[in-house]
Amino acid sequence: MKQPLKLLTLFQLIMSLLLTNLSSLSFAAEKKETRQTPPKTSSLENVTFLGAKLIEQDLNSIRKLLWNTGGFIQAKSTVQQKNIDKFYPWSNLRDSYYIECRYTPEGKLSSLYRLFRYQSIKFNNQRTPITTQEVAQQIQKQVKQTPKVITKSWGGSGTYRAYIWEDDKMKIIVDRQGSERWGKVFVLYQIKPIQTYLAYQ
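No experiment lies behind these values; they were computed from the predicted model shown.

**Focus: the sheet that holds strand S11 (residues 170-176)**
The strand order S3-S4-S5-S6-S12-S11-S10-S9 describes an open sheet built from 8 strands, whose pairing is antiparallel. Each end of this open sheet is capped by a strand with a single partner; those strands are strand S3 (72-74) and strand S9 (148-153). With direction set aside, neighbouring strand axes in the sheet form an average angle of 20°. As paired elements, strand S5 (residues 96-103) and strand S6 (residues 109-116) share 7 bridges and run antiparallel to each other. The residue bridging Glu-100 from the neighbouring strand is Tyr-113, located in S6.

**What to know about the pairing of strand S10 (residues 159-166)**
Sheet topology note: the S9/S10 ladder contains 6 bridges and is antiparallel. Along S10, the bridge assignment pairs Val-149 with Tyr-163. Sheet analysis places S10 next to S11, joined by 4 bridges and oriented antiparallel. Along S11, the bridge assignment pairs Ile-164 with Ile-173. Between the antiparallel neighbours S10 and S11 lie 3 residues.

**Notes on a nonpolar patch on the surface**
A contiguous nonpolar surface patch, about 340 Å² in accessible area, is contributed by Ile-73, Tyr-88 and Trp-90. As for its position among the elements, Ile-73 is in strand S3. You can call Ile-73 partly exposed: its relative accessible area is 47%.

**Here's the deal with the confidence of the model for the protein chain**
Detailed reading of the predicted coordinates is not advisable wherever pLDDT falls low. Across the protein chain, the average pLDDT comes to 82, with 71% of residues at or above 70. Ignoring residues within four places in sequence, the model shows residues 25-34, a span with pLDDT below 50, making 0 contacts including any to other chains.

**Looking at the pairing of strand S12 (residues 185-191)**
The buried fraction of S12 amounts to 7 of the 7 residues, a majority that puts the element mostly inside the structure. Going residue by residue along S12, you find Val-185, Val-187, Tyr-189 and Ile-191 tucked away on one face and Phe-186, Leu-188 and Gln-190 tucked away on the opposite face as well. Judged from the 5 bridges that link them, S6 and S12 form a sheet pairing that is antiparallel. In the sheet register, Arg-114 faces S12, and the bridge partner there is Val-187. Two strands pair when backbone bridges link them, and S11 and S12 are joined in this way by 7 bridges, in the antiparallel orientation. Within S12, the residue paired with Ile-172 across the bridge is Tyr-189.

**Topic: unusual backbone geometry**
Note that the residue after Lys-192, namely Pro-193, is joined by a cis bond; omega there is 0°. With respect to the helices and strands, the residue Pro-193 is situated in the segment after S12. Of note, Leu-50 is a non-glycine position whose phi angle comes to about 55°, a positive value. Within the fold, Leu-50 resides in the loop between strand S1 (48-49) and strand S2 (52-53). Positioned with a positive phi, Lys-144 is a non-glycine residue whose angle comes to about 55°. Tracing the backbone through its elements, the reader meets Lys-144 in the loop between helix H3 (132-143) and S9. Accessibility expressed as a relative area gives 66% for Lys-144, which makes it exposed.

**Observations concerning the pattern of salt bridges**
Any two side chains of opposite charge can pair, so long as their charged atoms come close to each other. Going through the model one piece at a time under the given rule, you end up with 6 salt bridges. Ionic pairing is found between Lys-152 and Asp-175, a salt bridge with its closest N-O pair at 2.5 Å. Here Asp-175 lies in strand S11 and Lys-152 lies in strand S9, a separation of 23 residues in the sequence. Since its relative accessible area comes to 21%, Lys-152 is described here as partly exposed. When its relative accessible area of 6% is taken as the criterion, Asp-175 is described as buried.

Cut-offs and rules
- Residues numbered from 1 in each chain as written.
- Predicted model: local features only at pLDDT ≥ 70, side-chain atom pairs only at ≥ 80, totals over all residues.
- Heavy atoms only, no water.
- Pairing = 2+ DSSP bridges.
- Helix = DSSP H or I, 4+ residues; strand = E, 2+ residues; numbered from the N terminus.
- Axes fitted to C-alpha atoms, helices over the stretch in contact; angles between N-to-C directions.
- Patch = residues over 30% accessible without salt bridge, like charges linked within 9 Å, V, L, I, M, F, W, Y side chains within 5 Å.
- Areas by Shrake-Rupley, 256 points an atom, 1.4 Å probe, with all protein chains shown as cover.
- Salt bridge = Lys/Arg side-chain N within 4 Å of Asp/Glu carboxyl O.
- Buried < 20%, exposed > 50% of the residue type's maximum accessible area, 1.4 Å probe, protein only.
- pLDDT = per-residue confidence, 0-100.
- Contact = heavy atoms within 4.5 Å.

So this is what it looks like as structure tokens:
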């Protein structure tokens, strides 16, 4: 009777070990399944203008940013305004005609519009016309996201490309005024939710 008893005891020991291992594996699997996936971060929310994250700006911080940076003159017509600012570069960002910012009723930045001059030496060290492609390449260095490319033409003036980046935080457009090949290049940053009545027209 001793041998069958030993075999029974050994069998019980093996079953106990198997049950323990299965229980551990089940717990580990359950723990793995309940592990939360970290939220995805917007690739556009980190876009900056003069080193400042656009998504975090408001009327006061934008005015302070351009004042501290220097080289900008604010349009007198917007000094007392609460929903719009317009700045003319004179020794900084000289490749631009002006910078225009729109704000929500709460004073948060809603959009920033930058209109480029017809030509500049910034992009290729030659005084040649600025293209949408050159401006898009500068933005691409920050965004790290493939833009939507739209080929446009108007009135038989030839074609050019416009570029759009968009996610749940922001929309960025590089295009030409009037959607014309010879229109001046601009970049428009719109922070979501987009305020259509404030956006640059």
